[in-house]
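Chain residues, written in single-letter form:
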Number of protein chains: 2
Amino acid sequence: MAKQMEFWFEFASTYSYLSIMRLGDLARDRGVAVTWRPFLLGPIFADQGWSTSPFNLYPAKGDYMWRDLERRAARFGIPFRRWVPDHEVPFPQNGLKAARLALIGLDAGWGQSFCQSVYQAQFAKGADIADLDLLGRLAEQAGAPADAPALANAEANKLRLKANVEEARAKGLFGAPSFVVGDELFWGDDRLEDALDWAVG
Amino acid sequence: MAKQMEFWFEFASTYSYLSIMRLGDLARDRGVAVTWRPFLLGPIFADQGWSTSPFNLYPAKGDYMWRDLERRAARFGIPFRRWVPDHEVPFPQNGLKAARLALIGLDAGWGQSFCQSVYQAQFAKGADIADLDLLGRLAEQAGAPADAPALANAEANKLRLKANVEEARAKGLFGAPSFVVGDELFWGDDRLEDALDWAVG
């Protein structure tokens, strides 16, 4: 049977950025087919009574996360900076529109490249990923046709993203990135290798 | 300069158990001297408005943690079971008395063996680690003199544990296990190797 894994990611999630950049080579080396599943953490955090990221609600944990991310990114050779010269980059950003476009792109073959470029724009360049002009440019560079933004904004696609969130909730996801192999859930970029190894069996 | 790391642990902490069992060999291989620092998470969780472990407050995260722990323990060859035949083991347990005894033992040379046996009693055998008889037996088996429990219960030692909690708070610790190398904080058993590598430089 084919070795398979689902990769669940949220565009505002810092550690999802590390996985987005690391996943390709690691999965290829192990012969694991990965299905990319964008979702939104906002509704799931709201279930827990949180109105923002726990990294903002619990400052000691937030301070730690930024430093940990900086160290891990350096270790993996992934460009990262939290601060840009003229402004503080807001956190968490609104990844709704990026996620809708990603759904269209992942069906059509330009989605993975688009997702990587959105994360890089956010976490390496300090861009606002809710900016439709930016998203349109990144999609085009990834190979999207001109009607992609309209397709992303269609009601059917909005509902599809909502269904992803429901499925994530049903699978017990509570953070991102998460990896699902059969009935097994793995949470966090630091479980990426474990999840892939589980898929190999 | 000597390679040094502080290892901060809480007896109720599930992932601290993994680190307690893994730390020795990994530190020895890298030539890192490790100072063991028992502390209590209860007062630090209370700062965040939590009256119990976040694994109880957030059930999806708690369910995940137990499965993750089971998988990680199996991978490392560390005995673990959450359930014992006749009762559910409470979580989190009260590690106050164990921590006081550990402080005495770590000064006197029998502390590391004592700490490991307390974690094993809890997470491999389902024992109640607030039980003074059990703690006394484990201390004795680790080589403690007969007056160790009295020393552990002395006012000066109680204050010392409180001072550890204050120091943990001042260092930005928010969970366990945590590892401190100079000004760098690492959190979680999955950062043990990172922390030791940082100490090696």
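Look up a bit, the structure's there.
Below is a short write-up of the structure. All figures in this text were calculated on a predicted structure; none of them were measured in a lab. (Residues numbered from 1 in each chain as written. Chains lettered and ligands numbered in written order. Predicted model: local features only at pLDDT ≥ 70, side-chain atom pairs only at ≥ 80, totals over all residues. Heavy atoms only, no water.)

Considering the overall build of chain A
A tally of regular secondary structure across chain A gives 10 helices and 6 strands. Summarising its shape, the C-alpha atoms of chain A cover approximately 50 × 45 × 35 Å along the three principal directions. When the 201 residues of chain A are sorted by exposure, 52% land in the buried category. Taking as baseline every contact in chain A between residues at least 6 positions apart, the subset at least 24 positions apart corresponds to 75%. With the model as given, the accessible surface of chain A reaches about 9,100 Å², and the carbon-plus-sulfur share is 52%. Charged side chains of chain A number 22 positive and 26 negative; the gap between the two group centres comes to 2 Å. (Helix = DSSP H or I, 4+ residues; strand = E, 2+ residues; numbered from the N terminus. Buried < 20%, exposed > 50% of the residue type's maximum accessible area, 1.4 Å probe, protein only. Contact = heavy atoms within 4.5 Å. Areas by Shrake-Rupley, 256 points an atom, 1.4 Å probe, with all protein chains shown as cover. Lys, Arg positive; Asp, Glu negative; His and termini not counted. Charge placed at Lys NZ, Arg CZ, Asp CG, Glu CD.)

Looking at the packing of aromatic side chains
Residue and element names in this part refer to chain A. Here the structure, examined in full by the defined rule, presents 45 aromatic pairs over all chains. Judged by centre distance (5.8 Å) and plane angle (15°), the rings of Phe7 and Phe179 are stacked. Note that Phe7 is positioned in strand E1 (residues 4-9) and Phe179 in strand E5 (residues 178-181), a separation of 172 residues in sequence. Under the relative-accessibility criterion, Phe7 is labelled buried at 0%. When its relative accessible area of 0% is taken as the criterion, Phe179 is described as buried. (Phe/Tyr/Trp six-rings, centres within 6.5 Å; stacked < 30°, edge-to-face > 60°.)

Considerations on the packing of helix H6 (residues 111-123) of chain A against helix H7 (residues 132-142) of chain A
Residues and elements named next belong to chain A. H7 packs onto H6 with a crossing angle of 140° between their chain directions and a minimal axis gap of 9 Å. Relative to H7, the element H6 is oriented oblique. Every pair of crossing elements has a handedness; the one defined by H6 and H7 is right-handed. In this structure, H6 uses Ser113, Phe114, Ser117, Val118 and Ala121 to contact H7, whose residues at the interface are Leu134, Leu135, Leu138, Ala139 and Ala142. Per-class residue counts for the contact of H6 with H7 are 8 nonpolar, 2 polar and no charged. (Axes fitted to C-alpha atoms, helices over the stretch in contact; angles between N-to-C directions. Parallel < 35°, antiparallel > 145°, perpendicular 65-115°, else oblique. Left-handed = near helix turned anticlockwise from the far one by under 90°. Nonpolar A, V, L, I, M, F, W, Y, C, P; charged D, E, K, R; others polar.)

Quick word on the nonpolar core
Judged by nonpolar contacts, the single largest core of 135 residues is most densely connected at A:Phe11, A:Phe114, B:Met5, B:Phe11 and B:Phe114. Beyond its immediate chain neighbours, meaning those up to four positions away, B:Phe11 contacts B:Gly95, B:Ala98, B:Ala99, B:Ala102, B:Cys115, B:Val118, B:Tyr119, B:Gln122, B:Phe123 and B:Ile129. (Core = buried A, V, L, I, M, F, W, Y, C linked by side-chain atoms within 4.5 Å.)

Notes on the relation of the copies chain A and chain B
Expressed as a screw transformation, the operator carrying chain A onto chain B has a rotation angle of 180° and an axial translation of 0.0 Å, and the superposed copies differ by an RMSD of 0.0 Å. Such a turn and shift between the copies fits a two-fold axis. Measuring from the rotation axis to each C-alpha of chain A, the shortest distance belongs to A:Asp190, at 3.6 Å. Same-surface contact between copies: 100% of interface residues of chain A are shared with the interface of chain B. (Least-squares fit on C-alpha atoms with pLDDT ≥ 70 in both.)

Overview of H6(A)
Because an α-helix packs 3.6 residues into every turn, residues spaced three or four apart end up facing the same way. All names here are of chain A. Helix length check: H6 (13 residues) gives 18 Å between terminal C-alpha atoms against 18 Å at 1.5 Å per residue, within 8%. The set of residues buried in H6 consists of Gly111, Phe114, Cys115, Ser117, Val118, Tyr119, Ala121, Gln122 and Phe123. Looking at the buried residues of H6, the elements they touch are E1, helix H1 (14-30), strand E2 (33-38), helix H5 (96-108) and H7. (Expected span 1.5 Å × (residues − 1).)

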